[in-house]
Amino acid sequence: MGSLALETEDVSSDIYLSLGLKESDKGVGIPRVLSLLSSLLERSVQRNETLLEAKHIKDVVTVFHGLRAPTLSVRKYIDRIFKYSGCSPSCFVVAHIYVDRFIQHTEIKLTSLNVHRLLITSIMLAAKFMDDAFYNNAYYAKVGGVSTSELNRLEMSFLFGVDFRLQVSVDTFGRYCRQLEKEAAEAVQIERPMQACRIKESWSNKDDPTCASTIAR
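Described below are features of the structure shown in this document. This is a predicted model, so every value here is computed, not measured.

This part is about the environment of L166. Mapped onto the fold, L166 is located in the loop between α7 (148–161) and α8 (170–203). A residue is classified by how much of its surface remains accessible, and L166, at 15% relative accessible area, is buried. Here the alpha-carbon distance between L166 and R101, two residues 65 residues apart in the chain, equals 9.6 Å. The residues contacting L166, other than those within four sequence positions of it, are Y98, R101, F129 and L159.

Okay, structure coming up:
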């Protein structure tokens, strides 16, 4: 089952190669999809928390919410899951699709209080659905830093949250791959003006309105 979309020609093979989703890429470093997904999720969390704070909105509290944000960043958490779970890189794209479905169905906001639990649950489900071999809930619980009983509850809540819709079409998979590629381009556009500002700040301590306006876009 882990061959979803990889056996088709619907999405450019260049995108799969770039994201590290090709079968031949297994065991060759860390797939690029991990860093792109991390970046996308971190930006989404930052945007949502800024919105909630600005409008004084209380987010819907679910079983996925912790009392405080974990000290482990999203990037390090995703890298940890990949390192110890042994799941295929495609699972991270599918997990992203699952999280989107869950958010759309439940109308919760992705924040630092729930993103980690949503990740470990969605990636575990993606591995069960996609990969021929996968670890059990008890193992994923250790990897994710939660108890087995809690992960069991999270899994059931997630399944009901997505209405048990785990099937992912080739078109949907390809669309999310392209979205991740777009995320990479947007991240570069944001980082370049920030680097330019840091360089100019090293030249002078004066305010630079050009930098300020560029970052604000």
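Okay, the packing of aromatic side chains next. With the rule as written, the count across this model stands at 6 aromatic pairs. On the basis of an interplanar angle of 5° and a centroid distance of 5.0 Å, the ring pair of F102 and F158 is categorised as stacked. A residue pair is termed long-range when its members are at least 10 positions apart, and F102 in helix α4 (residues 90–106) and F158 in helix α7 qualify at 56 residues. Side by side, F102 and F158 carry an identical accessibility label, which is buried. Consider the rings of Y135 and Y139, whose centres lie 3.9 Å apart with planes at 20°: the pair is stacked. One aromatic cluster is present, formed by F64, F102 and F158 through successive ring pairs.

Turning to the packing of α4 against α7, a few remarks are in order. Between α4 and α7, whose axes approach to 9 Å, the crossing angle comes to 70°. Between α4 and α7, the angle falls in the class roughly perpendicular. From α4, Y98, V99, R101, F102, H105 and T106 reach across to α7, where they touch S157, F158, F160 and G161. Among the residues forming the contact of α4 with α7, the class breakdown is 5 nonpolar, 4 polar and 1 charged.

Side chains of nonpolar character tend, in soluble globular proteins, to be buried together. Ranked by size, the top nonpolar core spans 56 residues in total, and within it F92 and V93 carry the most contacts. Those elements that place two or more of their residues in this core are α1 (13–19), α2 (32–54), α3 (74–85), α4, α5 (115–130), α6 (137–144), α7 and α8. Those residues within four positions of V93 in sequence are excluded, and the remaining contacts are L21, V33, F173, Y176, C177 and L180.

Here the focus is α2. An α-helix turns once per 3.6 residues; consequently, residues spaced three or four apart project the same way. Under the 1.5 Å per step criterion, the end-to-end length of α2 is 33 Å for 23 residues, consistent within 8% with the ideal 33 Å. Listing the buried residues of α2 in full gives V33, L34, L36, L37, S38, L40, L41, S44, V45, N48 and L52. In the stretch just after α2, H56 is the one whose phi turns positive, near 55°.

This part covers the pattern of salt bridges. Under the counting rule described, the total for this entry stands at 4 salt bridges. One salt bridge connects R32 with E181, and the closest N-O pair in it is separated by 3.1 Å. On the criterion of sequence distance, the pair formed by R32 in helix α2 and E181 in helix α8 is long-range, its members being 149 residues apart. Under the relative-accessibility criterion, R32 is labelled partly exposed at 31%. For the salt bridge of E150 with R117, the shortest nitrogen-to-oxygen distance reads 2.8 Å. Placement of the pair is E150 in helix α7 and R117 in helix α5, with a sequence separation of 33 residues. On the basis of relative accessible area, E150 is assigned to the buried category, the value being 17%. The exposure class assigned to R117 is partly exposed, which follows from its relative accessible area of 22%.

Taken together, the side chains of M156, F160 and F164 define a hydrophobic patch exposed on the protein surface, amounting to about 320 Å² of accessible area. Checked against the element boundaries, M156 lands in helix α7. For M156, a relative accessible area of 39% puts it in the partly exposed group.

Rules used throughout
Residues numbered from 1 in each chain as written. Predicted model: local features only at pLDDT ≥ 70, side-chain atom pairs only at ≥ 80, totals over all residues. Heavy atoms only, no water. Helix = DSSP H or I, 4+ residues; strand = E, 2+ residues; numbered from the N terminus. Buried < 20%, exposed > 50% of the residue type's maximum accessible area, 1.4 Å probe, protein only. Contact = heavy atoms within 4.5 Å. Phe/Tyr/Trp six-rings, centres within 6.5 Å; stacked < 30°, edge-to-face > 60°. Axes fitted to C-alpha atoms, helices over the stretch in contact; angles between N-to-C directions. Parallel < 35°, antiparallel > 145°, perpendicular 65-115°, else oblique. Nonpolar A, V, L, I, M, F, W, Y, C, P; charged D, E, K, R; others polar. Core = buried A, V, L, I, M, F, W, Y, C linked by side-chain atoms within 4.5 Å. Expected span 1.5 Å × (residues − 1). Salt bridge = Lys/Arg side-chain N within 4 Å of Asp/Glu carboxyl O. Patch = residues over 30% accessible without salt bridge, like charges linked within 9 Å, V, L, I, M, F, W, Y side chains within 5 Å. Areas by Shrake-Rupley, 256 points an atom, 1.4 Å probe, with all protein chains shown as cover.

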